[in-house]
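Observations on the three-dimensional arrangement
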Amino acid sequence: MAARNSRLPAGDHPGIMPSDLDRGLHVMTPAEKAAKWKKQGLCHKCGLVQTHRREFKIRLKALTNDQVYKGICLRCHSITEAKTRLNEQVNWGD
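Residues numbered from 1 in each chain as written. Predicted model: local features only at pLDDT ≥ 70, side-chain atom pairs only at ≥ 80, totals over all residues. Heavy atoms only, no water.

Regarding the layout of surface pockets
Estimates place the volume of the largest pocket at around 190 Å³. In terms of lining residues, the largest pocket is bounded by 13 residues, among which Leu42, His44, Thr51, His52 and Gly71 are the most central. Grouping the constituent residues of the lining of the largest pocket by class yields five nonpolar, six polar and two charged. (1 Å grid on protein atoms, 1.4 Å probe; cavity = no way out; pocket = protein on both sides within 12 Å on 5 of 7 lines; lining within 4 Å. Points joined across faces, edges and corners; volume = space filled by probe spheres on them. Nonpolar A, V, L, I, M, F, W, Y, C, P; charged D, E, K, R; others polar.)

Here it is as structure tokens:
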């Protein structure tokens, strides 16, 4: 396994995904990836779904669409879990 601060060419290590590397080819920890994704308004768990959009350059606004419910990724969380996290009433038919 690669050391945390190693510099790795992206194609030379099959166990390392491009999303695991920052611009300097530093292998990011899961916490670093989650922080980067959160700053970009992406799901902190998968990094694939846009959960927030930037508003007024510094503030992030929660999105709601077919993949996101009030800023919570529905690919990673069920609608019931999302409503529970937001302290909303859960309709068990959801």
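Details of the environment of arginine 85
The residue arginine 85 is located in helix α2 (residues 79–85) in this model. Considered as a pair, arginine 85 and isoleucine 72 are 13 residues apart in the sequence and their alpha carbons are 9.2 Å apart. Not counting residues up to four positions away in its chain, the partners in contact with arginine 85 are Ile72 and His77. (Helix = DSSP H or I, 4+ residues; strand = E, 2+ residues; numbered from the N terminus. Contact = heavy atoms within 4.5 Å.)

Thoughts on the nonpolar core
In terms of nonpolar packing, the biggest core is built from six residues, these being Cys43, Cys46, Val49, Leu63, Val68 and Cys73. Those residues in contact with valine 68, other than ones at most four positions away along the chain, are Val49, Gln50, Thr51, Leu63 and Leu74. (Core = buried A, V, L, I, M, F, W, Y, C linked by side-chain atoms within 4.5 Å. Buried < 20%, exposed > 50% of the residue type's maximum accessible area, 1.4 Å probe, protein only.)

Things to note about the environment of lysine 45
Inspection of the secondary structure assignment puts lysine 45 in the loop between α1 (30–39) and β1 (52–55). Taking the relative accessible area as the measure of exposure, lysine 45 reaches 53% and is therefore exposed. Between the alpha carbons of lysine 45 and lysine 33 there is a distance of 9.1 Å; along the sequence they are twelve residues apart. Lysine 45 has contacts with Trp37, Cys76 and His77, leaving out every residue within four places of it along the chain.

Regarding the pattern of salt bridges
Per the counting criterion, the structure on display carries two salt bridges. Residue arginine 53 pairs with glutamate 55 through a salt bridge whose shortest N-O separation is 3.7 Å. Under the relative-accessibility criterion, arginine 53 is labelled partly exposed at 40%. Across the pair lysine 70 and glutamate 88 runs a salt bridge whose closest N-O atoms are separated by 2.6 Å. One end of the pair, lysine 70, is in the loop between β3 (68–69) and β4 (72–73); the other, glutamate 88, is in the segment after α2, with 18 residues separating them in the sequence. On the basis of relative accessible area, lysine 70 is assigned to the partly exposed category, the value being 41%. (Salt bridge = Lys/Arg side-chain N within 4 Å of Asp/Glu carboxyl O.)

A word on the confidence of the model for the protein
A residue-level look at the protein finds 71% of positions with pLDDT of 70 or above and a mean pLDDT of 78. In this model, residues 1–5 is a region of pLDDT below 50 whose contacts with residues beyond four sequence positions or in other chains number seven contacts. (pLDDT = per-residue confidence, 0-100.)

A short note on the pairing of strand β2 (residues 59–62)
Every regular strand shows the same layout, with side chains that alternate between the two sheet faces. Direction of pairing for β1 relative to β2: antiparallel, over a ladder of four bridges. The partner of arginine 53 across the bridge, within β2, is lysine 61. (Pairing = 2+ DSSP bridges.)

Some remarks on the state of the cysteines
Here the structure, examined in full by the defined rule, presents zero disulfides. With no disulfide of its own, cysteine 73 lies 3.8 Å from the sulfur of cysteine 76, the closest cysteine sulfur. Assessed through its relative accessible area of 2%, cysteine 73 is described here as buried. Here cysteine 76 stays unpaired: no disulfide links it, and the sulfur of cysteine 46, its closest cysteine neighbor, is 3.7 Å away. (Disulfide = S-S within 2.5 Å.)

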